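An overview of the molecular structure
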Amino acid sequence: MADIKQQIFQELSALEEAASKLRGAAVIAGRQTDLEVAILTEQVRTLRDKNARATEMIDKSINILKNLK
């Protein structure tokens, strides 16, 4: 009977350790995802700014070409 109890406690301990590792992995994955989202958000912001400037330059170029006609 004592052997069965000992085995149960060992298995519970192993299960607790596995759950703890999974929680840690989930936290790390969440942080990684947050970092990736922050990087992508900044990249999108930069691309939108560049796109706006490019649009302005194209509009100015079109106006210059129209005036040259």
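Just above, that's the structure.
This text gives an overview of the structure that appears in the document. (Residues numbered from 1 in each chain as written. Predicted model: local features only at pLDDT ≥ 70, side-chain atom pairs only at ≥ 80, totals over all residues. Heavy atoms only, no water.)

**Some points on the overall build of the chain**
In terms of regular secondary structure, the chain is built from one helix and zero strands. The C-alpha atoms of the chain give a radius of gyration of 30 Å, which is well past the 11 Å a tight globule of 69 residues would have. Across its three principal axes, the chain shows a C-alpha extent of roughly 100 × 10 × 5 Å. Here the chain holds 69 residues, and the buried ones make up 0% of them. For the chain, the computed accessible surface area is about 6600 Å², with 61% contributed by carbon and sulfur atoms. The centroid of the 11 positive side-chain charges in the chain is displaced by 13 Å from the centroid of its 10 negative side-chain charges. (Helix = DSSP H or I, 4+ residues; strand = E, 2+ residues; numbered from the N terminus. Rg over C-alpha atoms; globule rule 2.2 N^0.38 Å. Buried < 20%, exposed > 50% of the residue type's maximum accessible area, 1.4 Å probe, protein only. Areas by Shrake-Rupley, 256 points an atom, 1.4 Å probe, with all protein chains shown as cover. Lys, Arg positive; Asp, Glu negative; His and termini not counted. Charge placed at Lys NZ, Arg CZ, Asp CG, Glu CD.)

**Structural notes on the pattern of salt bridges**
Following the criterion strictly, the structure yields two salt bridges and no others. One salt bridge in this structure joins glutamate 17 and lysine 21, with 3.4 Å as the shortest N-O distance. One end of the pair, glutamate 17, and the other, lysine 21, are both in helix α1 (residues 2-68), four residues apart, so they sit about a helical turn from each other. The exposure class assigned to glutamate 17 is partly exposed, which follows from its relative accessible area of 45%. The salt bridge partner of glutamate 42 is arginine 45, with a shortest N-O separation of 2.7 Å. Of the two residues, glutamate 42 and arginine 45 both sit in helix α1, three residues apart, roughly one turn of that helix. Take glutamate 42: its relative accessible area is 41%, and that puts it in the partly exposed class. (Salt bridge = Lys/Arg side-chain N within 4 Å of Asp/Glu carboxyl O.)

That's the geometry; what it means functionally is another story.
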